[in-house]
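Coordinate analysis (summary)
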Amino acid sequence: MYFPENMEQLEQIKTECIQMVNKRALLSGAAAAVPLPGVDLSADITIMVELLSQINKRFGLSEEQLNQLDMERKKVLLVIISSVGNELAGRTVSATVVRSLLKRAGNRIAAKQLSRFVPIAGQALSAGISFAAMRYLGRNHVEQCYQIALRYMRQIDRRFTGDVIDI
């Protein structure tokens, strides 16, 4: 299992994941500019499933990676995941999970769909909304995974070195 071993690695992973989010958000915006109903939502779901799965994996928080941990470490990590409020770390990210996430951003998506009825400017608006929503959801997940990994590193360090570090 790969898990960041120090702050330098953790910061590098965060930077790489933010770059990945920005690229995927651009793809989402481009898909939203296509004036065919439903294409953008299908693209968003596909992009988000892959993006969230990759972020989890980069931080060592995929379901497969968690299952490789011994029970003690896994318990610690699951408690931290729960305390951060992340619903996606340590789980398989599926289209159903992403649809649920996108439903929460329903107003933005509804506005995006309605904007399609305004020629040209509506497509640009739709692309902008799609880009912003994808970027927001992706960056939020990166930040939560970063916090989970940071707290886990501190907790494990305290447990094995005897140092007292607040999490």
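Residues numbered from 1 in each chain as written. Predicted model: local features only at pLDDT ≥ 70, side-chain atom pairs only at ≥ 80, totals over all residues. Heavy atoms only, no water.

Looking only at helices and strands, the protein has seven helices and zero strands in total. The order of α-helices and β-strands along the protein, N terminus first, is α-α-α-α-α-α-α. In the protein, which comprises 167 residues, the share counted as buried stands at 43%. For the protein, the share of sequence-separated contacts (at least 6 apart) that also reach a separation of at least 24 residues comes to 77%. Element-wise, carbon and sulfur atoms account for 57% of the exposed surface of the protein, whose accessible area totals about 9000 Å². (Helix = DSSP H or I, 4+ residues; strand = E, 2+ residues; numbered from the N terminus. Buried < 20%, exposed > 50% of the residue type's maximum accessible area, 1.4 Å probe, protein only. Contact = heavy atoms within 4.5 Å. Areas by Shrake-Rupley, 256 points an atom, 1.4 Å probe, with all protein chains shown as cover.)

Attention now goes to the packing of aromatic side chains. Under the defined criterion, the tally for this structure stands at zero aromatic pairs. Sitting over the ring of tyrosine 146, lysine 14 keeps its end group 4.3 Å from the ring centre. (Phe/Tyr/Trp six-rings, centres within 6.5 Å; stacked < 30°, edge-to-face > 60°. Lys NZ or Arg CZ within 6 Å of the ring centre and 35° of its normal.)

What follows is about the pattern of salt bridges. Scanning the entire structure with this criterion turns up four salt bridges. Between glutamate 143 and lysine 14 there is a salt bridge; the shortest N-O distance is 2.9 Å. Placement of the pair is glutamate 143 in helix α7 (residues 121-161) and lysine 14 in helix α1 (residues 7-33), with a sequence separation of 129 residues. For glutamate 143, a relative accessible area of 30% gives the class partly exposed. Aspartate 70 is paired through a salt bridge with arginine 73; the nearest N and O atoms lie 3.6 Å apart. Take aspartate 70: its relative accessible area is 41%, and that puts it in the partly exposed class. What makes arginine 73 partly exposed here is its relative accessible area of 25%. (Salt bridge = Lys/Arg side-chain N within 4 Å of Asp/Glu carboxyl O.)

Now for the nonpolar core. In terms of nonpolar packing, the biggest core is built from 41 residues, with Met48, Ile55, Phe59, Leu61, Leu77 and Tyr152 touching the most fellow members. The set of elements that each furnish at least two residues to this core consists of α1, α2 (39-58), α4 (71-84), α5 (95-104) and α7. If sequence neighbours within four positions are ignored, leucine 61 has contacts with Phe3, Asn56, Leu66, Leu77, Ala89, Gly90, Cys145 and Ile148. (Core = buried A, V, L, I, M, F, W, Y, C linked by side-chain atoms within 4.5 Å.)

Tracing the sequence through the fold places glycine 60 in the loop between α2 and α3 (63-67). We classify glycine 60 as buried; its relative accessible area is 0%. For glycine 60 and proline 4, which are 56 residues apart along the polypeptide, the C-alpha to C-alpha distance reads 7.3 Å.

A few words now on the environment of arginine 135. Of note, arginine 135 is situated in helix α7. As for arginine 135 and methionine 20, which are separated by 115 residues in sequence, their C-alpha atoms are 9.8 Å apart. Not counting residues within four places of it along the chain, the set of residues in contact with arginine 135 comprises Val21, Asn22 and Ala25.

As a further point, take the side chain of asparagine 56. Of note, asparagine 56 is situated in helix α2. Look at asparagine 56 and you get buried, because its relative accessible area is 1%. Ignoring any residue separated from it by four or fewer positions in sequence, one finds asparagine 56 in contact with Leu61, Ser62, Gln65, Leu88, Ala89, Gly90, Arg91, Val93, His141 and Cys145.

Here the focus is the state of the cysteines. Counting across every chain of the model gives zero disulfides. Cysteine 17 takes part in no disulfide bond, and the closest cysteine sulfur, belonging to cysteine 145, lies 7.6 Å away. Of the residues examined, cysteine 17 reaches a relative accessible area of 0% and is grouped as buried. (Disulfide = S-S within 2.5 Å.)

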